[in-house]
Amino acid sequence: MLNWLPAVIAPRRRRLALLLYGLLCGLLLLALWHLQPAPTGQVHRVSITSSGSHLHIDGQRLSADCRAVLVERHDNPQAVLFNRFLWRNLYDVATRDQHAFVLCNNVGLVTLDLRQPQQPRIVGVAHSERRLWHIELCDNNAYIACGKDGLVICDITDPSQPLIRQQHSLPYPVSDVTISGEQLLLAAGKQGIKAFDLSGRQLLAEQALEGYVNALTQQDGWLYVVSARVDNQGLLHVIDARHAGQLRLAASVAFEGVPWDVLVHDDRLYIAAGGGGLLSFALTRPDSPQLMGSADHSLRAIALHHQGDQLLVSSSSAQLVVYRQTRDPARPLVEEKRFHCGRVNRGIAVHDGLALVAASQQGLSLIDLAADPGQPAPLELALHAEHQTANWSVSPAFISIQNKTELVLLKRQPDGLLRPFCQQDFSRLIYDHQIKDNLLAISLRQQGTRLLQLRSNQPPLLLAQLPPTEEQGQNVNRLYLEPASLYLCGPSGLHHFSLEQLPAAPVKTWHLPGTTEALARNGDFLFVARGRAGIEIYHLGPGSPQRLAHLTFPDHFFDSASALDLLWHDDVLYVACGIRGLLSIDVHNPRQPRLLDSLELGSFCDRLNLAQGQLLCHSNGGFFMIDIHRPENLSRLCHFKGLRDLAFVDNALLQLTMEGIRRTTAPLLLTPQQARRRQLSFELPQPTTLPNRPAQPRFFDLYLSHQGIPCNQVAELTFTSSGRWQLGQKPPTSCDPTTLPDSERF
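First things first, this report covers the structure right here in the doc. (Residues numbered from 1 in each chain as written. Predicted model: local features only at pLDDT ≥ 70, side-chain atom pairs only at ≥ 80, totals over all residues. Heavy atoms only, no water.)

## Some words on the pairing of strand β63 (residues 698-705)
We count it as follows: For every residue, the accessible area (1.4 Å probe, protein chains only) is compared with the maximum for its type, and the residue is labelled buried under 20%, exposed over 50%, or partly exposed between those bounds. Labels follow the DSSP assignment, with helices taken as runs of H or I lasting at least four residues and strands as runs of E lasting at least two, numbered in each case from the N terminus. Strand pairing requires that DSSP identify at least two bridges connecting the strands.
Counted residue by residue, β63 has eight buried out of eight residues, so it is predominantly covered. What you see with β63 is no split at all: Arg 698, Phe 700, Leu 702 and Leu 704 on one side and Phe 699, Asp 701, Tyr 703 and Ser 705 on the other are buried throughout. Pairing geometry for strand β3 (residues 67-72) and β63, over six bridges, is antiparallel. Note that in β63 the partner of Leu 70 across the bridge is Leu 702.

## A look at the state of the cysteines
For the record, the criterion: We call a pair of cysteine sulfur atoms a disulfide whenever their separation is within 2.5 Å.
As enumerated under the stated definition, the model contains zero disulfides in all. Distance from the sulfur of Cys 617, which forms no disulfide, to the nearest cysteine sulfur (Cys 605) is 4.4 Å.

## With respect to the layout of surface pockets
To keep things clear, this is the line we draw: Only protein atoms enter the 1 Å grid used here, on which a cavity is any set of points holding a 1.4 Å probe that cannot leave and a pocket is any open set flanked by protein within 12 Å on both sides along at least five of seven lines; residues with an atom within 4 Å of a point are listed as lining. Grid points are joined across faces, edges and corners, and a volume is the space filled by probe spheres set on the points. For this scheme, ten residues count as nonpolar: Ala, Val, Leu, Ile, Met, Phe, Trp, Tyr, Cys and Pro. Four count as charged, namely Asp, Glu, Lys and Arg, and the remainder, Gly too, count as polar.
Considering only enclosed or pocket space, the second largest pocket measures out at about 1100 Å³ in volume. Considering the residues around the second largest pocket, the lining is formed by 44 residues, among which Asp 92, His 134, Ile 135, Asp 176 and Asp 261 are closest to the centre. Every element with two or more residues in the lining of the second largest pocket is listed here: β5 (90-96), β9 (134-138), β13 (176-180), β17 (212-219), β21 (261-265), β25 (301-307) and β29 (345-351). Taken together, the residues that form the lining of the second largest pocket break down as 25 nonpolar, twelve polar and seven charged.

## What about the sheet that holds β17?
For clarity, the cut-off: Only the stretch in contact is used when a helix axis is fitted, and all axes are lines through C-alpha atoms; the angle between N-to-C directions ranges over 0 to 180 degrees.
Taken together, four strands build an open sheet; the order of strands is β17-β18-β19-β20 and the sheet is antiparallel. The strands lining the two open edges of the sheet, one partner per strand, are β17 and β20 (248-256). Across this sheet, the average inter-strand angle for adjacent strands is 20°, counted without regard to direction.

## Some points on the pattern of salt bridges
As a reminder, the rule being used: We define a salt bridge as a side-chain nitrogen of Lys or Arg found within 4 Å of a carboxyl oxygen belonging to Asp or Glu.
Under the counting rule described, the total for this entry stands at 17 salt bridges. A salt bridge links Glu 210 to Arg 229; the shortest N-O distance between them is 3.2 Å. Of the two residues, Glu 210 is situated in the loop between β16 (203-207) and β17 and Arg 229 in strand β18 (residues 222-229); the sequence distance between them amounts to 19 residues. Taking the relative accessible area as the measure of exposure, Glu 210 reaches 47% and is therefore partly exposed. Given the relative accessible area of 30%, Arg 229 is considered partly exposed. Residue Arg 521 pairs with Glu 482 through a salt bridge whose shortest N-O separation is 3.1 Å. Remark: Glu 482 occurs in strand β41 (residues 478-482) and Arg 521 occurs in strand β45 (residues 518-522); sequence separation between them is 39 residues. When salt bridges with common partners are traced through the structure, they connect Asp 240, Arg 242 and Arg 248 into a single cluster.

## Looking at the sheet that holds strand β53 (residues 605-611)
In spatial order, the strands read β53-β54-β55-β56; together these four strands make up an open sheet with antiparallel pairing. Unpaired on one side and paired on the other, β53 and β56 (635-640) mark the two borders of the sheet. The mean inter-strand angle of the sheet, taken between neighbouring strand axes irrespective of direction, is 30°. The pairing of β53 with strand β54 (residues 614-619) spans six bridges and is classified as antiparallel. Bridge assignment links Asn 609 to a residue of β54, and that residue is Leu 616.

Have a look at this one:
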């Protein structure tokens, strides 16, 4: 190995040469180890300290190129501005301890935390696409009748994590379920009654009955079942179920009306008979009910619930009636109060003086039973299921939220809070909408586009109605509104309307054929996203636009990219490319655009926004914040999870979440100061104050990147109520998002 050493070196010195050679190799290996890059996705050897106003980061290979960003957690309890968060199409509700369990069709079992009854919040969902009709709670299980979809058994040991344990598809519909001892009793339509073990696997007994069984209940082993016959007739069946595996029909009583629900309490039995009114029976003997009378045929009673000596009855006529039970056989029920609530009410539960009424149309109504009668429900929660929430639009004064059927308009108040002032149901016709200043445009299927003027204390004023374009019978991808222009993007191309003569009818000035996904504009230059066909650049003149350039995707994308959204900023065009992430293109000379960089995000990127000079990319995993101070070297700064949409207004981020709208400090980019070798110091700024909120701790995540490594969360910081920063404090595991006064809840 050492043949290269000069032969003149004396033998006694050869050992010294070997020692020096080994030392040199060791130093070389140490230098190579020291200079090797950190593993991808990890920040290497970093220690962080804070002095209350400054942040100090020590670590190997830190330089002034290190990027740090502070992101406020969206689950800070004082950040909520607007809270309206439950789903429609509800069929039943039950309560236990401090939780309510709500059945939402085609969504699943939704758990609400009722520790603050006037401000419930969603804590868990067991997703199911089955139709959920009726719920019965027993021990740590929820037994759910699913109509033609059979039976579902859900584990609710942890209400925040309800789990579907079993799903049974049966050859008959299950309209109701109850528990008697160790038997699970099902209302099986024309098949009568079925008795199973509590696992729902073994059939123990069955009993055929006349009519179609709608509902059942039990007391002390006696089963009371109501079934419907033709010609508005009903039957009450009494079945002896006291012995496991045995069902014996003891009596049947006919009555007028179609039965919806049955309830037994001590020696009284009540039947909600729809147009037949509310029927009362005496149970002097369990097997021989005697009809005492009927009340209020106009009520059209559907669901029943008892609470103490009160009987609560909901109806299809948007009412909840509270009766007091008496011992007078001639007048067994006395009406006490009548509340207005959602239409077609299906289920009732009571918690801490608050009635929860599930309606198949309006959602969940929460009614204070101590309130004055005749008043509207103090709180109605109804927002379509999470997968149906489409988008929103934000202006300095107004915010609109759109889902597949309705549009809700919110007005920003001087205190920063949001108050709803208009809501309209479009019956699944709405495609897209946008707010610009005080102008609102709504694109509707087969009905064209409406232009409305938003006014502070009055309903929106209709300015103009555009006839439908040929594409509005199919699909409209995007709607873009400017002070004097309206653009409609869709499969048949890009349509431009002039709004200069408003309130006169808008005038269509030009049309660019071809599939159009999105557009961006800079002065007289228009950038059009054509999906898989790439991007086109046009010059806007007096006549039709003139095409200047057509960009296609790089060859290595293998036809897997599609231009879905565009954003222009500082002579750079940013393109959302679906699974291919993000592109940056130099358009300083629009006739000769030049690709600068591409960044894959590991998820589907379909929408872009700008906040404090940084790019926000929406993906199916949330939002990525991209550092664009060097467009030729794009890098991720942080990742927002669990958000529907983001908007940047008044130096703050408005966030649309499953629970409503929140306002948090915009991400704080920290400028590094090289204090000494391997140490960076950052001055910690004051976060944006939240309107009308008491001083409470606010929680932030610190992200750090350096030497081309993507940002990683490396620390958690707390901005204390005294105005100082502390390191390493974690937020509570669950924050109640409803801290608004009553007037802000909707």
